[in-house]
Structures are given as C-alpha cells and as structure tokens.
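The primary structure of each chain is shown beneath.
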Amino acid sequence: MTTKRSVVVKIGSALLANQDLLTPRFGFLQRLLEDVNRLRADGYNVIICSSGSVALGLRIVGETPESAGVSDKQAAAACGMPLLLNAYRTVGHEYGFEIAQVLLTLGDFEDHRRFLNTRNTVHRLLKAGVVPIVNENDTITTEQIRVGDNDRLAAKVAQMIGAKDLIILTGVDGLYDRNPDDPEAVFIPQVEDVSQYMDATKGKSSLGTGGMETKLQAANMAQEAGCTTWIAQGEVDRPLSTVLSGERRATKVLPHPNPLSGWDSWIANRLQMAGSLSVSKGVAKALASGDRAICREDVVSMDGDFARGDVLHIYDGTGIERARGLSDFSSEELRVLINNPDTEAEQLLGYRTKGEIIRNSNLVMLENRHLLWDAPEGVN
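The shown structure was predicted, so the numbers you read here are calculated from the model rather than taken from an experiment.

(A) The arrangement of the nonpolar core in detail. Core analysis: the biggest nonpolar cluster contains 36 residues, and Val 8, Ile 47, Phe 109, Val 134, Val 157 and Leu 166 have the highest contact counts within it. Breaking this core down by element, the ones donating at least two residues are strand 2 (44-50), strand 3 (99-104), helix 6 (112-127), helix 7 (150-161), strand 5 (165-170), helix 8 (212-224) and helix 10 (262-268). Broken down by element, this core gets its largest block of residues, seven residues, from helix 7. What Val 134 contacts, discounting residues up to four positions off in sequence, is Ile 47, Ile 48, Cys 49, Ser 50, Val 102, Leu 104, Leu 153 and Val 157. If you look at the next biggest cluster of nonpolar residues, it comprises 34 residues, including Ala 55, Met 81, Ile 99 and Ile 133.

Structure below.
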C-alpha cells in the first residue's frame, strides 16, 4: 500500500443527489466509480469523502433543504446514509471492488490519539483493497462538535494518509476571480497563495454546506501537507483521471515546496479553535527563533475552555495570529497560573511542572503560507 500514490476525492451533495427528487444520481455514480476503478488499475489508492446522506434522507423525513432544522438534518442523515452506501456498493460491485463506511466527527481529527487510530483504520482498508467512503457523522454531531463541511474534512483525510492529490468535484470547472455567473469572470488555472482569492469565494449550493471558500480553505490545508488540490467540474466522463492527466480544465492549487512534518501539520491545520492566547508583540517575535517556549509570564490574555493537549491559537498584541501550539495545561489550570504569577506552579497545581504552557517542540509558527484566523472578541 505504501508504494501506491493515494488520491482523496471529495464529492458534493449536488452531484450525488437529484435536487428535485432527492434521490441518488446513479448515472453520476456510474461514471465516478468506473473512473475510480481505472485509477485503482493504474496503481492508485482512492479514498472518497462523500456528502449526500442528509440530502438523500430529507424526503424520507418530510423536509426540504430550505425547511430542515438541525434535528431534521440529523434524522435525514440517519435515513440517507444507508441509501448512499447502498448506491456506492451496488455500483462498486459492478467493477469488482468493496466499499467501507468511515464515519468521523471533529474529535477524530482534533484529538491526536483518535487521529492516529483513524489513520490506521483507513490504511488497513486500503491494504485490503477496499475503497473507504468517508463522511462526517451528521446523525450525532451538533454545531459545536462538527467539522461543518466535507471540503475541509477531505483535506484532513488527505493530510492523515499522506495523499499526494486531493480532487474536489463540484458544479463549476474551477476557481474564478469572481462569481462565475459574471460574464467578465476570469478562470484561474493555477494557485499558489489561496489568500489572494478568498474575497471571490462567497456563496454555496442549496444542497451543500460549503462553497468555494471552504474549498480554498481545504486546499490551503492540503498544500501545507505537500498535497496538490484540484477543483474541477464533476459532470463529465472520467471525472478523476482527466483531471490528473491534465486533459481538461481544472484549478490546480500547488503544494508548498517545503511541506510541514506530519506532527506540525496536525498542529497547524485546525478545524475549530479550542482556545487562544495573546502575547506581546515582542514575545511573538522572539518565538520565531524556534527555540523558545511560551510561559505564563508571556500571556497577556486568554480565551476559551480547553483541555490539556488541545491546540491553542497564539496572537500578538495587535490581534494578528502568529502561531499554534499544543497546551500543557487546561484552561482552568492556566487561569490559576496566570492570576498568581508570584507563586510557584507546583504549589498552585499540586504536581511538578516547569510551567511552560506550550513547549517549543509543540509550537508551529504561522508564515504567509497559512490562512490566519481572526482573534476572538476581547483578544488583542
């Protein structure tokens, strides 16, 4: 398995579900899985990150995309997932391969132990020649604990397994410098810095939860891990192989020439913000040396309720995000340390510790290649 090149494919709901009938689009699945079979024959591992379970279940629970609330969508996901998997399995069997369902939640990506366990499962499936169908577990997730879009979920899967390519199939043939409905819109064939195009990415489909904005966010995560992202139209014959071969138009987001290590990539590429710290501009500058930890005396303010081992976003005194790092303390412990600067950490916490909030080995400086997150309200 390790000698094969891995490709992650993200499929949007609008491609998988008939927008009016809310039923599986078997014609699209036929073209897709025929091409998956072609890639497998050429030596690729293929992992599919599939939307569609909510859309396919809405009719069963008597709702529409416009009327459905959170509980409606959770119930729809429970009804739609068997339909989606059955459609994949039925068509997959025509080409002689098995599929497996991998349901994930936010914690499977943000907790490192669960991240590794999930990676091992996916690797084992690939070793057995099984095509994993990955989706967020929409039946149990709520707004607070969900990834929220399958574009970034697919990017995290690509990072997780060390994929070299991430193909995001959508309803347009790639990225434009403005809304593609504008007759003056210009197609963008290749991207190095996704931040240049974020303002042109508003809007989403009626069946999906993400638009071009989340696709560029996903592409940024992928390029940090050394993975090329392709954004392409899905309604074609051979929707995957023609992208990888360059036979048709698609937007190619280039990987960073010096990708992060697996550990640093996991720290730097977050799906949600667990908490944040603000340090002075001078401290933020000193952190760039790479051999300095963040200590309690460095902290100007903090935000969020987090656990030991959560990743914190680090801001300088002007509200600009500078780094992300793994916290050695919970938010409760950290508040005690910060509010009692003259008392030894061991005396305050009841156990021996150096008092370093984030060790330098668990700190990743953010450079121009990362999309930065806005500081929470009250954090400078």
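(B) Just the side chain of Asn 269, in detail. With respect to the secondary-structure elements, Asn 269 resides in the loop between helix 10 and strand 11 (275-279). According to the relative accessible area criterion, Asn 269 is buried, its value standing at 3%. Ignoring anything within four residues of it in the chain, the contact list for Asn 269 reads Lys 156, Gln 159, Met 221, Glu 224 and Arg 324.

(C) Quick look at the sheet that holds strand 10 (residues 251-253). Strands sit in the order 3-4-2-1-5-9-10-8 across an open sheet of eight strands; the sheet is mixed. On the outer flanks of this sheet lie strand 3 and strand 8 (190-191), each paired with one strand and no other. Where strand 1 (residues 5-11) lies against strand 5, five bridges are found, and the strand directions are parallel. Following the sheet pairing, Ile 11 is matched in strand 5 by Leu 169. Contacting strand 1, strand 2, strand 4 (131-136) and strand 5, helix 2 (residues 26-41) runs over the sheet at an angle of about 155° to strand 2. Taken strand by strand, helix 7 contacts strand 1, strand 2, strand 4 and strand 5, and its axis lies near 170° from that of strand 1.

(D) Spatial organisation of the pairing of strand 5. When you tally the buried positions in strand 5, you get six out of six residues, the bulk of the element. Of the two faces of strand 5, the one carrying Asp 165, Ile 167 and Leu 169 and the one carrying Leu 166, Ile 168 and Thr 170 are both buried.

(E) Representation of the sheet that holds strand 15 (residues 321-326) in the model. Taking strand neighbours across the sheet as the criterion, the five strands line up as 13-11-14-15-17 in an open arrangement whose pairing is mixed. Of all the strands in the sheet, just strand 13 (299-303) and strand 17 (363-365) have a single pairing partner and so form its edges. Direction aside, the axes of adjacent strands within the sheet are offset by 25° on average. The pairing of strand 11 with strand 14 (residues 311-315) spans four bridges and is parallel. Bridge pairing in strand 14 links Gly 275 to Leu 312. Here helix 12 (residues 331-339) sits on the sheet in contact with strand 11 and strand 13, set at roughly 150° to strand 13.

(F) Fine view of the side chain of Thr 251. With respect to the helices and strands, Thr 251 occurs in strand 10. A residue is classified by how much of its surface remains accessible, and Thr 251, at 0% relative accessible area, is buried. Here the side chain of Thr 251 touches Ile 188 through a polar contact of 2.7 Å, landing on its backbone oxygen. Discounting residues that sit within four places of it in the chain, Thr 251 has contacts with Asp 173, Gly 174, Leu 175, Phe 187, Ile 188, Pro 189, Val 191, Thr 229, Trp 230 and Ile 231.

(G) Region of the structure containing empty space enclosed by the protein. In the structure shown here, the tally under the stated rule is one cavity of 30 Å³ or more. Taken together, Glu 192, Asp 193, Val 194, Ser 195, Asn 220, Gln 223, Asn 368, Arg 369, His 370 and Leu 371 form the lining of the largest cavity. Per-class residue counts for the lining of the largest cavity are two nonpolar, five polar and three charged.

Reading the values: rules and limits
Residues numbered from 1 in each chain as written. Predicted model: local features only at pLDDT ≥ 70, side-chain atom pairs only at ≥ 80, totals over all residues. Heavy atoms only, no water. Core = buried A, V, L, I, M, F, W, Y, C linked by side-chain atoms within 4.5 Å. Buried < 20%, exposed > 50% of the residue type's maximum accessible area, 1.4 Å probe, protein only. Helix = DSSP H or I, 4+ residues; strand = E, 2+ residues; numbered from the N terminus. Contact = heavy atoms within 4.5 Å. Pairing = 2+ DSSP bridges. Axes fitted to C-alpha atoms, helices over the stretch in contact; angles between N-to-C directions. Polar contact = N/O pair within 3.5 Å; in protein donor to acceptor, adjacent residues only side chain to side chain. 1 Å grid on protein atoms, 1.4 Å probe; cavity = no way out; pocket = protein on both sides within 12 Å on 5 of 7 lines; lining within 4 Å. Points joined across faces, edges and corners; volume = space filled by probe spheres on them. Nonpolar A, V, L, I, M, F, W, Y, C, P; charged D, E, K, R; others polar.

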